[in-house]
Amino acid sequence: MSSFATEVPWPRTDPPALTPGPEQSDLRAAIRGLLAEHSGIEQVRTVSAGLGYSPQLWKTLVDDMSVTTLTVPEDRGGLGYSMVELGIMLEECGRALACEPVYTSAVLGVHALLSADPSQDGDVLAGVLDGSLLATVSALSAGTDHVHAEPTRAGWLLHGTATHLVGGGNADVAVISAQCPDGRRLFATQPGAPLARTERRVLDPTRRRADLTFDRSPANALTDVDATAATAARLGELATLALACENTGIVDRLLEMTVEYARTRHQFGRPIGSFQAVKHRLADLLVTLERARSASRYAAAIYAQDPGSASLAVAVAGAVCTDAAVHAAAEAIQLHGGVGFTWEHPAHSYFRRAMGNEALQGDSRAHRARIATLIGI
């Protein structure tokens with residue numbers, strides 16, 4: 001074996017969690033049924049135009065589906081499942097275009113708070129786990145936000161502005177990367193901390209963003225200076241994987257609705273799905289869906305086995321699933337003909353989510369650059 005092959009961080013075995021069992025199938029059926037009843041496209045548009053999410057559906061997701069505690073270790077108050085099960089949840093949320101804070105609070109917020117020492121949990125993590133508090137996480141790369149942390153006898157105080165926080169308008173807790181006198185740390189603001197919120201105008205109204213401005217806002221340090229970079233990188237990979245799973249669900253639903261339309265829409269006395277040009281494009285979309293499923297589910301299974309060895313698989317999933325969602329949305333709009341070009345059609349809402357997801361974690365070009373870095377080319 002060449003030295004190159006031994007040095008590349010390549011996942012070399014089929015992870016056991018790659019093959020779904022009855023428990024995973026039941027979980028998928030349960031979450032799909034729940035979202036079909038409470039998160040149809042008109043319901044999504046209604047709640048996104050109001051508060052931004054449905055508190056009733058969020059409570060059901062937390063209480064009945066355990067979305068916040070699913071992957072939390074049992075000794076920290078969770079159920080101890082893996083990213084495979086959470087990936088199923090995220091796929092189905094993508095299919096339904098759910099605007100509840102699963103990605104922001106149940107995935108990133110929970111795992112950011114878990115990075116703190118267990119003795120420092122306090123009531124914040126418990127509140128996020130039981131759904132009574134909503135968390136959001138800022139961009140974690142250094143230099144993205146302009147927030148400074150000031151140490152005082154009573155604790156840390158934050159000054160400055162963090163921008164483009166998903167769900168920032170409704171969040172009770174914000175996880176922020178802030179510059180300290182001795183380096184950068186991750187902080188979680190205390191519930192009720194004084195801050196100003198400025199809603200952003202965004203392409204995707206189902207996933208709002210806001211800027212948060214802090215003025216001596218009390219916060220708890222989650223990491224020390226030495227651990228911040230590694231923790232931020234891990235959370236960044238988790239965000240990429242979460243959106244890859246969601247994008248897979250988006251492609252699944254777009255293909256489903258387009259096939260249904262091609263079967264029922266008639267032209268020249270025949271269903272348009274019988275025309276070769278349409279059939280070939282739908283077949284290509286099916287291949288796109290299978291590529292996205294393979295990439296996201298494989299990455300989730302590798303992450304469940306060992307998060308430290310999942311970097312390459314996650315980067316591949318980010319590249320493949322981002323392209324898949326954008327391509328599927330564009331094809332769905334085209335294949336729906338004139339009606340597909342109206343903003344009122346569901347395909348356009350999915351298109352907006354796909355483009356918003358791309359902006360959150362980078363386009364496929366950025367993920368491919370990450371792949372090149374990982375394999376040393």
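Residues numbered from 1 in each chain as written. Predicted model: local features only at pLDDT ≥ 70, side-chain atom pairs only at ≥ 80, totals over all residues. Heavy atoms only, no water.

If you check an unreviewed UniProt entry, the protein appears there as Acyl-CoA/acyl-ACP dehydrogenase from Nocardia vinacea. Under Cofactor (unreviewed entry), UniProt gives the following word-for-word description of the protein: "FAD". The UniProt entry for the protein carries the following text under Sequence similarities (unreviewed entry): "Belongs to the acyl-CoA dehydrogenase family." (UniProt positions renumbered as here; feature names shortened; annotations may be inferred.)

What follows is about the overall build of the protein. If you tally the helices and strands in the protein, you get 13 helices and nine strands. What you see for the protein is a C-alpha radius of gyration of 21 Å, in line with the 21 Å of a compact globule of 377 residues. Each of the three principal axes of the protein carries a C-alpha extent, and together these read 80 × 60 × 35 Å. The buried share of the protein, taken over its 377 residues, is 52%. For the protein, contacts bridging at least 24 residues in sequence account for 73% of all contacts bridging at least 6. Counting only carbon and sulfur atoms, one obtains 54% of the accessible surface of the protein, whose full area is about 16900 Å². For the protein, the distance from the average position of its 32 positive side-chain charges to the average position of its 41 negative side-chain charges is 8 Å. (Helix = DSSP H or I, 4+ residues; strand = E, 2+ residues; numbered from the N terminus. Rg over C-alpha atoms; globule rule 2.2 N^0.38 Å. Buried < 20%, exposed > 50% of the residue type's maximum accessible area, 1.4 Å probe, protein only. Contact = heavy atoms within 4.5 Å. Areas by Shrake-Rupley, 256 points an atom, 1.4 Å probe, with all protein chains shown as cover. Lys, Arg positive; Asp, Glu negative; His and termini not counted. Charge placed at Lys NZ, Arg CZ, Asp CG, Glu CD.)

The backbone of Ser66 sits at a positive phi, close to 55°, despite the residue not being glycine. By relative accessible area, which is 18% here, Ser66 ends up buried. Although it is not a glycine, Arg216 sits at a positive phi angle of roughly 60°. You can see Arg216 is positioned in strand S7 (residues 209–221).

A few words on the packing of helix H2 (residues 22–38) against helix H5 (residues 83–96). For the pair H2 and H5, interaxial distance at closest approach is 9 Å and the crossing angle is 30°. One way to sum up the angle between H2 and H5 is to call them roughly parallel. Viewed along their axes, H2 and H5 form a crossing whose handedness is right-handed. Counted together, Gln24, Leu27, Arg28, Ile31, Arg32 and Leu35 of H2 and Val84, Glu85, Ile88, Met89, Glu91, Glu92, Cys93, Arg95 and Ala96 of H5 form the full contact between these two elements. Across the contact of H2 with H5, the residue classes break down as eight nonpolar, one polar and six charged. (Axes fitted to C-alpha atoms, helices over the stretch in contact; angles between N-to-C directions. Parallel < 35°, antiparallel > 145°, perpendicular 65-115°, else oblique. Left-handed = near helix turned anticlockwise from the far one by under 90°. Nonpolar A, V, L, I, M, F, W, Y, C, P; charged D, E, K, R; others polar.)

Per the UniProt entry, the sites bearing "domain: Acyl-CoA dehydrogenase/oxidase C-terminal" (unreviewed entry) are residues 241–372 in this numbering. Secondary structure content for residues 241–372 is 82% helix and 3% strand, while the C-alpha to C-alpha distance between its ends is 18 Å.

Side chains that are nonpolar tend, in soluble globular proteins, to be buried together. Membership of the largest hydrophobic core comes to 87 residues, with the highest contact counts inside it found for Trp58, Leu61, Met83, Leu90, Val102, Leu241 and Leu254. The greatest single-element share of this core, amounting to 15 residues, is contributed by helix H8 (residues 225–264). In this structure, Leu254 is in contact with Ala325, Ala328, Ala329, Ala332, Ala347 and Tyr350, ignoring residues within four places of it in sequence. Among the nonpolar cores identified, the runner-up in size contains 14 residues, and Ala149, Trp156, Phe214 and Ala219 belong to it. (Core = buried A, V, L, I, M, F, W, Y, C linked by side-chain atoms within 4.5 Å.)

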